[in-house]
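Okay, here's what each chain looks like letter by letter:
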Amino acid sequence: MTLPSLHIGDLVARLPIVQGGMGVGISLSGLASAVANEGGVGVIATPMIGMYEPDRASNPEEADLRALKTEIRKARSLSNGIIGVNIMCALTNFAELVRTSVREGIDVIFAGAGLPLDLPAHLPEDQRENTHTKLVPIVSSGRAAKLICKKWLKRFDRLPDAFVVEGPKAGGHLGFKPEQIDDPNFALEKILPQTIEAVHEFEMQARRPIPVIAAGGVYSGADIVRFMDMGAAGVQMGTRFVATEECDADIEFKKAFVNAKKEDLRVIQSPVGLPGRAVGNVFLDKVKNGLLKPHKCPYKCLASCPQEDGPYCIAKALMNAKRGLLKHGFAFAGANAYLVEKIVTVRDLFCSLKEEAARSRAEAAARRYIESARQYMDLVTDSAARYRLEAKQYLEQMQAQANRGKECARQYLDQMHEEATRRRENAREYLEQMQEKVSSTLQEYLPEGRRTDPGEA
Ligand SMILES: Cc1cc2nc3c(=O)[nH]c(=O)nc-3n(C[C@H](O)[C@H](O)[C@H](O)COP(=O)(O)O)c2cc1C
């Protein structure tokens, strides 16, 4: 199995793929249920969820909660898989959206765009101790994950069930300062391991895993494999799910992704005070050039929005985009949106992701085999060279030894020769001495007249 399942507490998604919540109507029950049916985690986004309710302007809180209930129930009727909701902390009705989602039996709440430090406080009272719903903060750093763990432990005696760590390549609002977005120190490849490490000490404390899910720029099956090899328990993907038939946005919104070129993707400063990544267009050009007039705020959706003091209403702009009116709005999109070539079904997308992941695993295995064959070859070549060198050194040693032996033998021969010469000389001297001795003895014993000169004898 190339892609393992994703476990968040007792929830098990067959595939480790979470569809990122995409607000203002981009991911509702249609997309969420299609993703859940394929074994991923489908996510309904709550920002402006009540946009189609007739009383959204006059009665925003109730309209949103009514629409939320409808969307959760619709998703449940379309799928038995895992369904979550995405609730931005900055939403004015954050607490009520949390409570309603839990009462509706939602499987997971993903909470980002700010630190959800008080998320557990908004659980319905009767479900605080033992809720089926998993709580998953979305963070942009290990430090934020640690802070949430500490605060939750202290205030609520509980820890998050998982984390999503979202890097600066994501679409939508970004949890980074503008200058951090292209800084490699804040890349997902950096903040993922930092988050895994930060969460680890709390896993030890809780004696249960706290999975970390990687998001932001995860586009292909190969990307999924890469981030999972870095320790992610799964991935969250937004951009890739926009260009699906089941995505709840208008076809024009999806086409903006298909037609986007790399240079069209830009980071904008959203009126809510955060940077965001979007597909550049005429509307955003007008914003940049200060051509849009301050607006009236009919929605009061975001706590951090300057409302009438902002250059435009982001909810309205995103709603227009969701409806396909891109002249009057814009599409949030991830940095890889320019890679989108066509609109496919969620099922086809899952098939491609699985195939790409399998191919990537196979290619990685092949690369590993080739590398180990190369290392073995290097080793054999090295040892052959070493053996050759050793043999040459041994030969030289033997030759030196033989030369030394020859030299010794020659010296010994010379010594023997000298010795023989000396001995011959000694013998000759001895002989002469003996001859002298014989002749002198003879002289001594011969009668006087017969004595001769010793030389004659
Ligand atoms: C059109 C769009 C709308 C989004 N809206 C939200 C949102 O309402 N809340 C949120 O937490 N994230 C939002 N996101 C971020 C996604 O949930 C996801 O984490 C992100 O897009 C992942 O990066 P990727 O697009 O490169 O896959 C949005 C992204 C896109 C593209």
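The rules behind each value
- Residues numbered from 1 in each chain as written.
- Predicted model: local features only at pLDDT ≥ 70, side-chain atom pairs only at ≥ 80, totals over all residues.
- Axes fitted to C-alpha atoms, helices over the stretch in contact; angles between N-to-C directions.
- Helix = DSSP H or I, 4+ residues; strand = E, 2+ residues; numbered from the N terminus.
- Parallel < 35°, antiparallel > 145°, perpendicular 65-115°, else oblique.
- Left-handed = near helix turned anticlockwise from the far one by under 90°.
- Contact = placed C-beta atoms within 7 Å.
- Near = placed C-beta within 6 Å.
- Nonpolar A, V, L, I, M, F, W, Y, C, P; charged D, E, K, R; others polar.
- Buried ≥ 20, exposed ≤ 12 C-beta atoms within 10 Å, placed from the backbone.
- Right-handed = clockwise from strand over helix to strand, strands pointing away.
- Core = buried A, V, L, I, M, F, W, Y, C linked by C-beta atoms within 7 Å.
- Expected span 1.5 Å × (residues − 1).
- Pairing = 2+ DSSP bridges.

- Looking at an unreviewed UniProt entry, one finds the chain named Nitronate monooxygenase and attributed to Paucidesulfovibrio gracilis DSM 16080.

Focus: the packing of helix α4 (residues 142–156) against helix α5 (residues 188–206)
Turning to step 1, where the next piece is worked out: As a packed pair, α4 and α5 sit with axes 7 Å apart at the nearest point and diverge in direction by 20 degrees. As the angle between them shows, α4 and α5 are arranged roughly parallel. The hand of the α4/α5 crossing is right-handed. Here Gly142, Arg143, Ala145, Lys146 and Cys149 of α4 come into contact with α5, specifically with Ile191, Gln194, Thr195, Glu197, Ala198, Val199 and Phe202.

Describing the site of the ligand
Turning to step 1, where the next piece is worked out: Around the ligand, the surrounding shell holds 31 residues, and the nearest of these are Gly20, Gly23, Gly171, Gly238 and Gly334.
Turning to step 2, where the next piece is worked out: A total of 3 residues in the shell around the ligand trace back to one element, the largest contributor, which is helix α7 (residues 239–242).
Turning to step 3, where the next piece is worked out: Here the shell around the ligand is composed, by residue class, of 14 nonpolar, 14 polar and 3 charged.

Observations concerning the pairing of strand β6 (residues 108–112)
Turning to step 1, where the next piece is worked out: Judged by how many residues are buried, β6 sits mostly within the fold: 5 of 5 residues are covered.
Turning to step 2, where the next piece is worked out: Of the two faces of β6, both are covered, the one formed by Val108, Phe110 and Gly112 as well as the one formed by Ile109 and Ala111.
Turning to step 3, where the next piece is worked out: Taking the sense of rotation as the criterion, the β-α-β connection linking strand β5 (residues 82–88), helix α3 (residues 94–103) and β6 turns out right-handed.

With respect to unusual backbone geometry
Turning to step 1, where the next piece is worked out: One non-glycine residue with positive phi stands out, namely methionine 48, at about 55 degrees.
Turning to step 2, where the next piece is worked out: When you line up the elements, methionine 48 lands in the loop between β4 (41–45) and α2 (60–78).
Turning to step 3, where the next piece is worked out: For methionine 48, a count of 25 C-beta atoms within 10 Å gives the class buried.
Turning to step 4, where the next piece is worked out: Unusually for a residue other than glycine, alanine 113 sits at a positive phi of about 55 degrees.
Turning to step 5, where the next piece is worked out: Inspection of the secondary structure assignment puts alanine 113 in the loop between β6 and β7 (134–139).
Turning to step 6, where the next piece is worked out: Assessed through the 24 C-beta atoms surrounding it within 10 Å, alanine 113 is described here as buried.

A word on the nonpolar core
Turning to step 1, where the next piece is worked out: The biggest cluster of nonpolar side chains holds 124 residues, and the ones touching the most others in it are Ile109, Phe163, Ile213, Ala214, Val235 and Ala331.
Turning to step 2, where the next piece is worked out: The residues touching phenylalanine 163, leaving out its near neighbours within four places in the chain, are Val136, Pro137, Val139, Ala145, Thr195, Val199, Ile210, Val212 and Ile213.

Quick look at α2
Turning to step 1, where the next piece is worked out: Here α2 is 19 residues long and its end C-alpha atoms lie 27 Å apart, about the 27 Å a rise of 1.5 Å per residue gives.
Turning to step 2, where the next piece is worked out: Every buried residue of α2 is accounted for by Ala63, Asp64, Leu65, Ala67, Leu68, Glu71, Ile72 and Ala75.

Observations regarding the sheet that holds strand β13 (residues 275–279)
Turning to step 1, where the next piece is worked out: On the basis of which strands lie adjacent, the open sheet formed by 3 strands has the order β9-β13-β12 and antiparallel pairing. Whereas interior strands pair on both sides, the edge strands pair on one side only; in this sheet they are β9 (172–173) and β12 (265–269).
Turning to step 2, where the next piece is worked out: Sheet topology note: the β9/β13 ladder contains 2 bridges and is antiparallel. Bridge assignment links glycine 172 to a residue of β13, and that residue is arginine 277.

Things to note about the environment of alanine 215
Turning to step 1, where the next piece is worked out: For alanine 215, the position within the fold is in strand β10 (residues 212–215).
Turning to step 2, where the next piece is worked out: The sequence separation of alanine 215 and alanine 170 amounts to 45 residues, and the corresponding C-alpha distance is 6.9 Å.

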